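Next come the chains, spelled out residue by residue.
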Amino acid sequence: MDGNGRWAEARRLSRSEGHRMGLRATRRTVEFFARSGVRVLTLFAFSSENWQRPRAEVNALLDLFVTAIEDELPELLEKGIRLRFIGLRDPLPEELQRRMAVAEAETAVNDTMTLVVALGYGGRWDILQAAVRWVRESASAEPEPDAFDGFLSTSGLPEVDLLIRTGGEQRISNFLLWQAAYAEFCFLDVLWPDVGDRELQDALNCYMHRQRRFGRTASQAEARNA
Ligand code: FPP
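Residues numbered from 1 in each chain as written. Predicted model: local features only at pLDDT ≥ 70, side-chain atom pairs only at ≥ 80, totals over all residues. Heavy atoms only, no water.

## Topic: the packing of helix 2 (residues 15-35) against helix 7 (residues 197-208)
Any two packed helices are characterised by how steeply their axes cross, that is the angle between the axes, and by the distance between the axes.
Phase 1: The N-to-C vectors of helix 2 and helix 7 enclose an angle of 45 degrees; their axes lie 10 Å apart at closest approach. As judged from the angle between their axes, helix 2 and helix 7 are oblique. Crossing geometry of helix 2 relative to helix 7 is assigned as right-handed. On helix 7, the residues touching Arg 28, Thr 29, Phe 32, Phe 33 and Arg 35 of helix 2 are Asp 197, Leu 200, Gln 201 and Leu 204. (Axes fitted to C-alpha atoms, helices over the stretch in contact; angles between N-to-C directions. Helix = DSSP H or I, 4+ residues; strand = E, 2+ residues; numbered from the N terminus. Parallel < 35°, antiparallel > 145°, perpendicular 65-115°, else oblique. Left-handed = near helix turned anticlockwise from the far one by under 90°. Contact = heavy atoms within 4.5 Å.)

Structure below.
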């Protein structure tokens with residue numbers, strides 16, 4: 001969800017104000033994909049590297065997450081959306097951790113869509129923690145990619161089909177490194193607070209026109225999808 005900072009700076013506002021406006025775009029995005037029938041939406045809200053940002057910005061973001069969970073929970077419950085968080089929780093403030101756990105528990109039976117929020121998340125961290133657990137828990141078995149999936153923080157979720165990055169950036173920035181192995185990428189040259197239904201529909205349209213081959217030839221892929 002890139003571009004909150006630049007959006008704010010262009011208006012001589014604080015970066016934290018940009019994140020507050022970013023939250024509005026986040027709400028629109030969740031509504032859009034829920035309406036579109038998307039079953040799993042993952043939002044990269046705070047990376048393991050974002051801890052290095054100025055303290056004031058980090059604190060404002062953490063406060064924003066607490067408020068967002070509290071404000072959005074009734075709507076998630078009403079829409080049947082399940083909330084799940086991925087990332088390293090220990091460094092997060094206790095109050096935030098508590099609200100995350102409550103929101104996960106309260107929405108656990110919902111099945112319209114799963115909204116995954118990556119908070120304190122890093123793709124390398126995820127692979128490393130999965131490897132450590134895999135060694136501890138099944139050290140005698142040969143590592144199979146499918147079995148390894150079960151140790152990742154995204155266990156039970158499908159692989160990434162479409163990865164959208166906003167703000168004109170064209171990097172993966174330590175997002176779902178393992179899970180996005182065969183993802184289609186869509187780069188939007190729009191700052192996150194300005195993202196709306198039109199841009200999101202453009203991304204979906206772009207995805208619909210891709211031929212997914214998973215290492216096969218074009219004709220093999222066509223035969224498989226027929
Ligand atoms: C990256 O833009 C954005 C973030 C680090 C924060 C994203 C968080 C939100 C939009 C709030 C969503 C809340 C929930 C609970 C999902 P940037 O600051 O790097 O912008 P820049 O590229 O312009 O500097």
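After presenting the structure, the write-up continues.
## Some details on the pattern of salt bridges
Phase 1: One pass over the full model with this rule turns up 19 salt bridges.
Phase 2: A salt bridge links Asp 197 to Arg 35; its shortest N-O distance comes to 2.9 Å. Remark: Arg 35 occurs in helix 2 and Asp 197 occurs in helix 7; sequence separation between them is 162 residues.
Phase 3: Its relative accessible area of 57% is what places Arg 35 among the exposed residues.
Phase 4: With a closest N to O distance of 2.8 Å, Arg 53 and Glu 57 form a salt bridge.
Phase 5: A network of salt bridges, in which partner residues are shared, links Glu 9, Arg 15, Arg 53 and Glu 57. (Salt bridge = Lys/Arg side-chain N within 4 Å of Asp/Glu carboxyl O. Buried < 20%, exposed > 50% of the residue type's maximum accessible area, 1.4 Å probe, protein only.)

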